[in-house]
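Observations on chain architecture
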Amino acid sequence: MKKLILCNYLFIKRCLKRTSFIILLLLIPILCMVFKTNIEDTKISIKTGLYIENEDDLTNKICNNLKTNYESVTFEKCSSLDELKSRVASGDYECGYVFNSDFSEKVYENKTNNLVTVYKSPSTLTDAITDEYVFSEVFAEYGFNELTEFISSQKIFTINDTDALRNTLRPGYDYYMAGNDTFSFEYINADNETIDNSSLLSSYVLLSVRGIITLFIMFAAFIGTFNLYKDSKTGVFNAFNGKIRPLCKMSEIFSLTLLAGIFGMAGVYLSGLSDGIWLEIFRILSYSIICTLYCYILYKIIPNSFAFAAIIPVLILGSIIFCPIFMDVSEIIPIVKYIAWLFPPKYYFAI
């Protein structure tokens, strides 16, 4: 055990003498802070087009609600269908919604098929969000019409003027649809029990800070593995017997991942994403061990450092694509969640 602790101490001491590695360690909290600052100062918005084939009070009301009620999506009204199609095709709009000419007529007749035509870019990943927003506004008007029809059909009421009934019901309906009396959400900071009014979309993107940290720790493990190839070739581990030698070799990788993990934990705290000191220590320590074992297995399988260097781009790109670092692709392609287990960052998010 003393030999193992000594190995870790010597490997850490050697790494800290390298300016390039110190710069790498300092980059972790610095990039986390820069990322956090940029996200908080930047308004994230998805641009979406709207076009009405036959304008009336109902379609104009829905479009105005879409343009004013949602901060994370910018809805813009187009003057023609060709303009909407062109801007979707060029990528200026993520998608476009066309309110068909018989939209209002169908809503008043309680028909829900073919109300809105959607044009979207094949590359967009945000259409599910905008679909929900449009659906919520359309359904609100459909629900109001259903309410009016229901009250009109009741024998306990004497309704002579449907338009007057609509005008009477509208203020109360709008109040309870948009007000907090029906239901509301408050996002509470678990640490100090204060209400968090920050943008939910920005908060979601800010979680990518953890993904960046996992990449840095994995990269530190790669550096440790390169050192292991070199030291094994020069006979550094020949002084150790067969039982402790594998552990000493793994300690060369672990010493670097542990340093990166410590600075990564600092990045988590500077970004305000901590779930508690002990939980963060457990996550970082567990992930550092996982990266160590992962790279040591690769070291045993791959014959030399040149072949190991060749697979590093594959591991980095695979981690970014399949693991929930910047976005969770498994929400769109379910099979991805199984492929992700082939890459170390997935284990951090599973802890």
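Each chain carries its own residue numbering, running from 1 in the written order of its sequence. It should be noted that, the model being predicted, local features are given only for residues of pLDDT at least 70 and side-chain atom pairs only at 80 or more, the latter also being counted only at that level, while totals for whole chains, interfaces and linings use all residues. To obtain the side-chain values, all non-hydrogen atoms of the structure were used and water was disregarded.

**Some points on the pairing of strand E2 (residues 73-77)**
Cut-off, in case you're wondering: Only strands that DSSP links by at least two bridges are regarded as paired with each other. Working definition: helices are DSSP H or I runs of at least four residues, strands are E runs of at least two. Numbering for both runs from the N terminus. For crossovers, right-handed means that the path from the first strand over the helix to the second runs clockwise, given strands pointing away from the viewer.
Examined bridge by bridge, strand E1 (residues 46-52) and E2 share 5 bridges and lie parallel to one another. Counted as the bridge partner of Lys47 is Thr74 from E2. At this point the chain moves from E1, through helix H3 (residues 57-69), to the parallel E2, and the crossover so formed is right-handed.

**Quick word on the packing of helix H9 (residues 208-234) against helix H12 (residues 305-322)**
Helix-helix packing: each pair is described by the crossing angle between the helix axes and the interaxial distance. Operational definition: Every angle, taken between N-to-C directions, lies between 0 and 180 degrees, and every axis is a line fitted to C-alpha atoms, over only the stretch in contact when it is a helix. Geometric relationships in this document are graded by angle, where less than 35 degrees denotes roughly parallel, more than 145 denotes roughly antiparallel, 65 to 115 denotes roughly perpendicular, and other angles denote oblique. The contact definition used throughout considers only heavy atoms, calling two residues in contact when any of these lie within 4.5 Å. Each residue receives one of three labels: charged for Asp, Glu, Lys and Arg, nonpolar for Ala, Val, Leu, Ile, Met, Phe, Trp, Tyr, Cys and Pro, and polar for the others, Gly being one of them.
Close contact between H9 and H12 brings their axes to 11 Å; oriented N to C, the two are set at 170 degrees. Considered as vectors, H9 and H12 are oriented roughly antiparallel to each other. From H9, Leu215, Met218, Phe222, Thr225, Phe226 and Tyr229 reach across to H12, where they touch Ser305, Phe308, Ala309, Ile312, Leu315, Ile316, Ser319 and Ile320. Its residues placed into classes, the contact of H9 with H12 shows 11 nonpolar, 3 polar and no charged.

**What to know about helix H1 (residues 2-15)**
Put simply, the rule is: Take the number of residues in a helix, subtract one, and multiply by 1.5 Å to get its expected span. Burial classes follow relative accessibility: with a 1.4 Å probe on protein chains only, a residue under 20% of its type's maximum area counts as buried, one over 50% as exposed, and anything between as partly exposed. Directions are taken from the helix axis to each C-beta atom, and the arc is the one they span.
The terminal C-alpha atoms of H1 lie 20 Å apart, and with 14 residues this matches the ideal 20 Å at 1.5 Å per residue to within 8%. When we look at burial in H1, the residues that qualify are Leu4, Cys7, Asn8, Phe11 and Cys15. Viewed end-on, H1 has its buried residues packed into an arc of 95 degrees, placing them on one side of the element. Exposed residues pointing more than 90 degrees away from the buried face of H1 are listed as Lys2 and Ile5.

**Observations regarding the packing of aromatic side chains**
How we decide: Ring geometry is summarised as follows: Phe, Tyr and Trp rings, the Trp one being its six-membered ring, pair when their centres sit within 6.5 Å, and such pairs are stacked at plane angles under 30 degrees, edge-to-face over 60 and tilted between the two. Geometrically, a lysine NZ or arginine CZ counts as sitting over a ring once it is within 6 Å of the ring centre and also within 35 degrees of the ring normal.
Under the counting rule described, the total for this entry stands at 13 aromatic pairs. Each ring, one from Phe135 and one from Phe139, has its centre 5.8 Å from the other, and the planes form 25 degrees; the classification is stacked. Remark: Phe139 and Phe135 occur in helix H6 (residues 127-153); sequence separation between them is 4 residues, near one turn of the helix. We classify Phe139 as partly exposed; its relative accessible area is 46%. Taking the centre distance of 5.2 Å and the plane angle of 70 degrees together, the rings of Trp341 and Tyr347 count as edge-to-face. Among the aromatic side chains, those forming a connected cluster through ring pairs are Phe222, Phe226, Tyr229, Tyr296, Tyr299 and Phe308. Against the face of Trp341 rests Lys346, its NZ or CZ located 5.2 Å from the ring centre.

**Some remarks on the side chain of Thr292**
Relative to the helices and strands, Thr292 is located in helix H11 (residues 277-301). When neighbours within four sequence positions are excluded, Thr292 is seen to be in contact with Met250, Ile253, Phe254 and Thr257.

**As for the pattern of salt bridges**
Note the cut-off: We define a salt bridge as a side-chain nitrogen of Lys or Arg found within 4 Å of a carboxyl oxygen belonging to Asp or Glu.
Counted according to the given criterion, the structure contains 12 salt bridges. Between Glu141 and Lys61 there is a salt bridge, with its nearest N and O atoms 3.5 Å apart. A residue pair is termed long-range when its members are at least 10 positions apart, and Glu141 in helix H6 and Lys61 in helix H3 qualify at 80 residues. On the basis of relative accessible area, Lys61 is assigned to the partly exposed category, the value being 27%. Taken together, the shared-partner salt bridges in this structure form one network comprising Lys47, Glu76, Glu83, Arg87 and Asp92.

**Things to note about the confidence of the model for the protein**
Applicable threshold: Per-residue confidence from the predictor is reported as pLDDT, a score between 0 and 100.
Scored by pLDDT, the protein has a mean of 81; 85% of the residues are at 70 or more. Taken element by element, the protein is modelled with least confidence in helix H8 (residues 200-206), mean pLDDT 50, and with most confidence in H11, mean pLDDT 93. Of the regions scoring below 50 in pLDDT, residues 197-203 engages in 7 contacts with residues more than four places distant in sequence or in other chains.

**Some remarks on the environment of Tyr119**
Following the sequence through the fold, Tyr119 ends up in strand E4 (residues 116-120). Setting aside anything within four residues of it in sequence, one finds Tyr119 in contact with Leu81, Leu84, Lys85, Val88, Cys95, Gly96 and Val98.

**Here we look at the nonpolar core**
The line we're drawing: Side-chain atoms within 4.5 Å are what join buried Ala, Val, Leu, Ile, Met, Phe, Trp, Tyr and Cys residues into a set we call a nonpolar core.
Core analysis: the largest hydrophobic core is formed by 50 residues, its most contacted members being Phe21, Ile213, Ile217, Phe222, Cys248 and Phe308. Taken together, the elements giving at least two residues each to this core come down to H1, helix H2 (19-41), H9, helix H10 (245-270), H11 and H12. Here the element with the most residues in this core is H9; it accounts for 12 residues. Formed by 18 residues, the second largest nonpolar core is a distinct cluster that contains Leu58, Cys63, Val73 and Leu115.

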